[in-house]
Structure formats: C-alpha cells, structure tokens
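Fold and geometry: a report
Single-letter residue listing:
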Amino acid sequence: GLLFATTVAAAVLGGMFGAHWGDGWLAALVAIAILTVPLVLLARAAIRPIRRLLRALSGSVASYRDGDYSLSLASRRGDEIGALIQAHNALGQALRGQRQNLVQRELLLDTVMQHTPTALLLVDAHERVVYANLAARHLLNDGKSPLGLAFAELLEGCPPEISQALAAGQDSLTSVPLDGSEEVFHLSRRDFRLQGRPHRLYLVQRMTRELSRQEVAAWKCVIRVISHELNNS
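Read on for a plain summary of the structure. (Residues numbered from 1 in each chain as written. Predicted model: local features only at pLDDT ≥ 70, side-chain atom pairs only at ≥ 80, totals over all residues. Heavy atoms only, no water.)

The subject of this paragraph is the overall build of the chain. Of regular secondary structure, the chain possesses 7 helices and 5 strands. Taken from N to C terminus, the helices and strands of the chain fall in the order α-α-α-β-β-α-α-α-β-β-β-α. Expressed as a percentage of its 233 residues, the buried residues of the chain come to 25%. Within the chain, residue pairs in contact and separated by at least 24 positions form 31% of the contacts whose partners lie at least 6 positions apart. Accessible surface, the chain: about 16,400 Å² in total, of which carbon and sulfur atoms supply 60%. (Helix = DSSP H or I, 4+ residues; strand = E, 2+ residues; numbered from the N terminus. Buried < 20%, exposed > 50% of the residue type's maximum accessible area, 1.4 Å probe, protein only. Contact = heavy atoms within 4.5 Å. Areas by Shrake-Rupley, 256 points an atom, 1.4 Å probe, with all protein chains shown as cover.)

With that settled, consider helix 6 (residues 160-168). Every buried residue of helix 6 is listed here: Ile162, Ser163, Ala165 and Leu166. One side of helix 6 carries all its buried residues, which in axial view fall inside an arc of 165°. Structural note: helix 6 exposes Pro160, Gln164, Ala167 and Ala168 on the side pointing more than 90 degrees away from its buried face. Structurally, helix 6 contributes buried residues whose contacts are with helix 4 (134-140), helix 5 (151-156), strand 3 (172-178), strand 4 (181-194) and strand 5 (197-206). Once helix 6 ends, the next one or two residues include glycine 169, with phi positive near 75°. (Arc of directions from axis to C-beta.)

Moving on to helix 3 (residues 80-115). With 36 residues, helix 3 should reach 52 Å at 1.5 Å per residue; the first-to-last C-alpha distance of 53 Å fits that figure. Among the residues of helix 3, those classed as buried are Gly82, Ile85, His88, Asn89, Gly92 and Gln114. (Expected span 1.5 Å × (residues − 1).)

Turning to the pairing of strand 1 (residues 119-123), a few remarks are in order. Along strand 1, 5 of the 5 residues are buried, which leaves the element largely enclosed by surrounding structure. Residues of strand 1 alternate between two faces, with Ala119, Leu121 and Val123 on one and Leu120 and Leu122 on the opposite face, all of them buried. As paired elements, strand 1 and strand 2 (residues 129-132) share 3 bridges and run antiparallel to each other. Counted as the bridge partner of leucine 121 is alanine 132 from strand 2. Connecting strand 1 to the antiparallel partner strand 2 that follows it, the hairpin turn spans 5 residues, and glutamate 127 within it adopts a positive phi of roughly 60°. (Pairing = 2+ DSSP bridges.)

Have a look at this one:
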C-alpha cells in the first residue's frame, strides 16, 4: 500500500513537472526516490525496537530451554506487545517457583534416603554405581563413597555373604557375622527406567531385630499355650 501510494504520488508529480511522456516518468522516478528513502528510514526506525524485542524473546526462550528461568524482560508498552512481555515474565516466574519447589522436595527426599537404615544402592546400565546412601557406604564400602565404581569392583570389597546375594540378584535372607554377632539381612533388587535408561536398585535391610522380636513373640505364644495346658491337665 505504501509503495502503491508512493507510485501514484510520483506519477502525479511527474505529470505536473514533465511536459512530455519521457520527461514525466523521469521526474516520477526521481520523486519516488525522494519519497521512498525517508519512508524506508522511518519504517526501519519504527521496526528497530520490535526487532530488539524479538531477539530478547528468542534469547529468553533459549535460556528456558536450557533450564535457566532467571531472565525477565523490562517494558512499559501498553499495547499487545506489552501484554506479550507481561505473559512471558509471568511464565518465567511460574517456572522459577516450580523449580524452587522441586529443588526443596529433592533435598527433603535425599535427606530421608540418606538417613534411612536401609542400604540403598543404584546401578546404571553401564554397571556403575550412581547413588549410595550412608547405610550403603558403611555396609558395602567401609564408609567411603562408591560413586563411579564398577558394581563388580564394589562386590569384591563386600562381605562374601552379601556379595553373593547381591550378585544373585534375587530377594533373599542372608546371615553375616558383624562385630562379633550374627546379623540377618534381607536383600532385594528392583529394575526400572530412570530418564529413559535402565537402572537397578538394590535394597539391603537389617532384619535381626525384627526376627528377634518375632521369635520372642512366638516363644511367648508357646509359653502361654504350655501354661494353659499344664493348668488344665
């Protein structure tokens, strides 16, 4: 529309200033050049802020894709572009809130898992240890972190009873001599996918106290039955 209006205006000017057909169109071309150059400069000046805004939006979206939600855009526009900027900033604020809540939940979960008495050991698809809580470190690696170790290498330093049970990969009960006494452990294995990759989770739980409690309860039951029979005989 701008080019059409400029052409019409140039033709009118050419008809006014040119006496002949050729002279008129030569003047029209000159008029087009005179009118077009300022209009192009004005259009570029008007588009320049929008181009800067689009570059800023592109950079902010790239940061969101990389997991960085700290960027926000400043604008005092009251038009549709200003509404778009406000929606973009609101999205960034919501993503930052969700990331903060997720980090807090992960910290809470890690604290619970680290201090649980059950030994937790996570092995990836390359047979490397990628997670071990405090109980697993003390039971399987003399208190040292086994992260990055090969699973077979870790088994070599374990008590032989636990090493054999873990290598078997089946749920089982095993007795291990520890600190001058016999400890009973329940070993289990669970396979699952984490971030699309196969992982194995090993759980080693002390059962000595629980078995002793059940044994005491069983003896109490036997004593009650025997006492009842003796009293009624």
